[in-house]
Amino acid sequence: MGRFILKRLVFSLPLLLGITFLTFLFIQIAPGDFLDKLRLNPQVSQDAIQLYEQKFHLDKPLMVQYFVWLRNILKGDFGYSFSFKAKVFDVVSSRLFNTFILSLSALIFTWIFVIPLGVIAALKRNKFTDRFLSFTSYLGISAPSFFLAFIFLYLATFTSWLPLGGMRSIRFEEFSLLGKIIDIGKHLIIPTLVLSLGSICVLQRIMRANLLEVLGSPYILGAKARGLPRVRILYIHALKNALNPMITIFGYQFSALLSGAALVEIIIGWPGLGVVTLEAVRSQDIYLVMGSVLAGGALLILGNLVADILLGFLDPRIRYEKT
Amino acid sequence: MRILKEIIKNKAGRIALLVLVLLYFSVIFAPFFAPYPYDDDDVLHSYTPPTKIHFLNLKEKQFGPFIYGQTYEVSEYYQRIYQEDKSKIYPIKFFTKGFKYKFLGLWETDRHLFGVGEGKIYLLGADLKGRDIFTRILYGGRISLSIGLIGAAISLCIGLIIGGLSGYFGGRVDNITMRICEMVMMIPSFYLMLALRASFPPNLTSTQVYLLIIVILSFIGWASTARIIRGMAISLRENEYVYAAKAMGLSHFKIIIRHILPHTLSYALVAVVLRIPAYILGEASLSLIGLGIQDPEASWGNLLSSAMGIVNIRLFPWILIPGLFIVVTVVCFNMLGDTLRDILDPKRRIL
Amino acid sequence: MILEVKDLSVSYWSRAKYVDALKKVSWGIGEGEILGIVGESGSGKSTLALSILNLLPPDSKSQGQIIFKEKNIFKAGEKESEILRGNQIGLIFQEPASTFNPVLSMRYQFQEILQSKLNIKSKAEIEKIIFDCLEKARVRQPQRILKSYPHQLSGGQLQRIAIAIAIALKPTLLIADEPTSSLDVTIESQIVHLFKELRAELKLTIIFITHNLDLVKTLCDRVVVLYQGVVREIKAKDELFVNPEDDYTKSLLDSFSQLEE
């Protein structure tokens, strides 16, 4: 099992490398060198520009620049953000945590609903409940996240207790630990709802399809013929096998969440990676942009890695490939 | 075309196709349907709610659709409260004269579908600058709807070429290409969009932004199409007629173009149709946060940017209507794509 | 007669119409007998097996009676059927590999059935029964086998395990639906031999479904010949081979004897 994990980790490295290279490439696509913008930016001093010219060997070819950047990254130096006047690493990591919390909350919320809804739809196949769920899922898939965000915000204005955005209330620092957690929780409600809805709709349908397929398979018939109780067959045999393919989706869903979270974060004002990236783009803060994209990509790879490992754990066929 | 007939037979496909045709038709002829130019600032009517259309006024013996004029009071919170001014009546006339424009860009005319003469009709309300949202939705649709199609078409071309080449040649070329595809697909699309956008200065002209968005969207989207095409190319290249063609000395390129790609087209079509919503949403998201189409040009995403202020949503909920159009469009494309997929499903195909 | 089937008719819903699988089929089996049901593919043999245990798909139509121990069990409710399956009537499938859950170990699947169906709490007792039955089914290296997953074992091994599980529940009747059709000939004869031993040791009543007349000759006492959902002939084995009455039976035996020569 440990070998399996190691293999997966080793696989992920070139992927991460590839992402860093692609990211670097984008920045270089821009006509002229990136320091031009810095030169035009009145906030940046002449000395800083000279320092950067020296440091980044702008006269050297592209590949050299890339490796210099890479070397810096490995040293932990992600560059400096001009708009935040801090190291890119600090800015990104502080916001990364927030995005992580949000994505995690959406992930959990999704799965709490997906499994029961999928099971119900499969068991009541083609009856009213199933058709209704199918229809609403279809709508849910199509509704764009930002639109949902607006609608929810609109509805929230009619209640007095639902926070309208942001992550903390103004008097946050005055709360006890429990109070702080509850406060963040309240602020999580709308963004979580918005982010989850799309996933729930998509995944519920997949869950239903998977379960139906499993229920029709010969080993379920075998278990039934041997007289195993219906409940046991459903929840232990059928569900377990139906959930397996969903685990990979788990990883991909995480990545989709990260991507979708950015826009929702911006609209709702949740201080996460998305907001930071936007700010970076607006102020042409190149290293911050790179850092954000890198962080996003890394989180994604992490998500997929976790998914792969989970799958290996649950499905022995993959674990014992060599047998 | 056979496919078209099949789509029309399917109930969902029928509706989707109809709605989409209607939408595209309306935005192509936007100036005709719109009573006012899209950049017609009118601060006096800032954030006007949708105008009520009346049909009967017995006192003045007015029959047929008409609207009243508008005045406003300023409340104690310095907010405008609009009221109907029943002393002014403006009947709605059809095929009336309005602002000048070039019909289909060819000949000048000033006829519009409807108008109210001296009054101001805001079918779907007005935005901050008093511009008619209905009009801006029509003009904005031109951008939003076209970007989707063009972006998808370009992605398709790139995907066909890369996927076709990769699947056909196999081996290391295929391996490397697929790794690159996965990598591109792995980067969260929104961040990728932002990163690409960041490579260019934030304030470009709208035309430049339009082209830029198309480029960015294609850059993100080609990977998934390429994968699908490549998968199909791999299974198709084992076919006998490919061997025959090779034996006859046909160049690889010609084989790909004439023998392999045509068979992938139907599935590629489905893949593309299902991707168009993603492109439309991509443009909308960029414009929404101010990095896309800029004022005074309109795009559906751009129109929603005023909704970013929560106060605005509460007080002027009609500014969310462009969002409805986006949703409807997306739903229709999804329905169309699903219908196409059902039609082209080999289990149902007769050809 | 432990089991009697009376006028059983079953039709499946397939491609927009109902297709008859069994038409008024009647036969019976007595205690301690090995009854062979012979027929080619599509004759309805498997449908018979499924009907007895109420495992027919929900969109099928069926009528008739199946009397087991003097009670009509056909179309009994879920609860009743559950009790029947395994404890009273066991079923061995044709493809052992597909009838086991691929993601659970054989030990788990064996244990699970014993725990659910036999109401035994003591782990030691269950272990004993497992090893006992594996031995009876002549399973070699039982420890290793139990640790394995279905995809790691051969068809023969899996079928033996299936048999072990079936006999562990001590059913009155065992139905074997073409148990050797997907196995090699050498393994096949071993399994058939096993059935003989089990009948002697455990006094099992066995319904043996097959298309292979060879096996019928070796194993069965009486034979039911099935063709396209209709019973063509029911006779004691020796009588059938020597004196077939039905035309189809005759042609079947003809082609069989040709092979023998």
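Procedures and definitions
Residues numbered from 1 in each chain as written. Chains lettered and ligands numbered in written order. Predicted model: local features only at pLDDT ≥ 70, side-chain atom pairs only at ≥ 80, totals over all residues. Helix = DSSP H or I, 4+ residues; strand = E, 2+ residues; numbered from the N terminus. Buried ≥ 20, exposed ≤ 12 C-beta atoms within 10 Å, placed from the backbone. Contact = placed C-beta atoms within 7 Å. Core = buried A, V, L, I, M, F, W, Y, C linked by C-beta atoms within 7 Å. Pairing = 2+ DSSP bridges. Nonpolar A, V, L, I, M, F, W, Y, C, P; charged D, E, K, R; others polar. Axes fitted to C-alpha atoms, helices over the stretch in contact; angles between N-to-C directions. Parallel < 35°, antiparallel > 145°, perpendicular 65-115°, else oblique. Expected span 1.5 Å × (residues − 1). Bend = angle between axes of the 7 residues up to and from the residue.

Trainee: Looking at this structure, I do not really get the overall build of chain A. What am I missing?
Mentor: Counting its secondary structure elements, chain A contains 13 helices and two strands. Across the 323 residues of chain A, 38% fall into the buried class. Across chain A, the fraction of contacts at a sequence separation of at least 24, relative to all contacts at a separation of at least 6, is 72%.

Trainee: Sorry, what's going on with the overall build of chain B here?
Mentor: From N to C terminus, chain B includes 12 helices and five strands. With respect to the principal axes defined by its C-alpha atoms, chain B has extents near 85 × 45 × 35 Å. A burial count over chain B gives 42% of its 351 residues as buried. Contacts in chain B between residues at least 24 apart in sequence constitute 71% of all its contacts with a sequence separation of at least 6.

Trainee: Explain helix α1 (residues 45-52) of chain C here, please?
Mentor: Each full turn of the α-helix corresponds to 3.6 residues, which orients residues three or four apart in the same direction. Residue and element names in this part refer to chain C. Summarising burial for α1: seven of the eight residues are buried, a large majority. Of the residues making up α1, those classed as buried are Lys45, Thr47, Leu48, Ala49, Leu50, Ser51 and Ile52. Phi turns positive, to about 60°, at Asn54, one or two residues after α1.

Trainee: Explain the nonpolar core to me, please; I cannot follow it from the model alone.
Mentor: Considering soluble globular proteins, one finds that nonpolar side chains tend to be buried as a cluster. Ala149(A), Val264(A), Val289(A), Leu194(B), Ala164(C), Ile175(C) and Ile207(C) are the most contacted members of the largest nonpolar core, which has 232 residues in total. Counting residues per element, this core draws most heavily on helix α9 (residues 252-288) of chain B, at 17 residues. Once residues within four sequence positions are removed from consideration, Leu194(B) is found in contact with Thr277(A), Leu278(A), Val281(A) and Val289(A).

Trainee: How do you make sense of the pairing of strand β10 (residues 230-236) of chain C when you look at a structure like this?
Mentor: A regular strand places its side chains so that they alternate between the two faces of the sheet. All names here are of chain C. Where strand β9 (residues 222-227) and β10 come together, six bridges link them in antiparallel fashion. Bridge pairing links Arg222 to Ala236 in β10. Between β9 and β10, which pair antiparallel in sequence order, lie two residues; one of them, Gln228, sits at a positive phi of approximately 50°.

Trainee: What am I meant to see in the interface of chain A and chain B here?
Mentor: Often the size quoted for an interface is simply the accessible area lost on bringing the parts together. Taken together, the contacts link 42 residues of chain A with 33 residues of chain B. Mapped onto the side of chain A that touches chain B, the elements with two or more residues apiece are α1 (2-29), α6 (128-142), α7 (145-156), α10 (230-268), α11 (273-282) and α12 (286-314) of chain A. Here the residues of the side of chain A that touches chain B sort into 29 nonpolar, 12 polar and one charged.

Trainee: Please explain the interface of chain C and chain A as it appears in this structure.
Mentor: Tallying the contact residues gives 23 residues for chain C and 21 residues for chain A. Where the side of chain C that touches chain A is concerned, the elements lending two or more residues are α2 (78-84) and α3 (106-118) of chain C. Considering every element that reaches the side of chain C that touches chain A, the biggest residue donor is α3(C), with three residues. Of the residues that constitute the side of chain C that touches chain A, the class distribution is 10 nonpolar, eight polar and five charged.

Trainee: For this particular structure, what's the right way to read the sheet that holds strand β8 (residues 205-210) of chain C?
Mentor: Hydrogen bonds along the backbone pair up the strands of a sheet, which may run parallel or antiparallel. Residue and element names in this part refer to chain C. The six strands lie next to each other as β6-β7-β8-β3-β9-β10, forming an open sheet whose pairing is mixed. Each edge of the open sheet carries a strand with a single partner, namely β6 (89-92) and β10. Taking each pair of neighbouring strands and ignoring which way they run, the sheet shows an average axis angle of 15°. Across five bridges, the pairing between strand β3 (residues 34-38) and β8 is parallel.

Trainee: Where do I start with the packing of α9(B) against helix α12 (residues 321-344) of chain B in this structure?
Mentor: The description of two packed helices rests on the angle between their axes and on the distance between the axes. Residue and element names in this part refer to chain B. The interhelical angle for the contact between α9 and α12, taken along N-to-C directions, is 170°, at an axis separation of 8 Å. Judged on the interaxial angle alone, α12 and α9 are roughly antiparallel. Contacts from Ser266, Tyr267, Leu269, Val270, Val273, Leu274, Ile276, Pro277, Ile280, Leu281 and Ala284 in α9 reach Ile326, Thr329, Val330, Phe333, Asn334, Leu336, Gly337, Leu340, Arg341 and Leu344 in α12. Partitioned by chemical class, the residues of the contact of α9 with α12 number 16 nonpolar, four polar and one charged.

Trainee: Sorry if this is basic, but what is going on with the sheet that holds strand β5 (residues 71-72) of chain C here?
Mentor: Residue and element names in this part refer to chain C. Across the sheet, which stays open at both edges, the four strands sit in the order β2-β1-β4-β5 with antiparallel pairing between neighbours. If you trace the sheet from one side to the other, it starts and ends with β2 (17-29) and β5, each paired once. Sheet topology places strand β1 (residues 3-14) next to β2; nine bridges connect them, and they run antiparallel. Paired with Leu3 across the two strands is Ile29, which belongs to β2.

Trainee: Is there a simple way to explain helix α7 (residues 206-236) of chain B in this structure?
Mentor: The first and last C-alpha atoms of α7(B) sit 43 Å apart over 31 residues, in line with the 45 Å expected at 1.5 Å per residue. Approximately 35° is the largest bend angle found in α7(B), and it occurs at Gly221(B).

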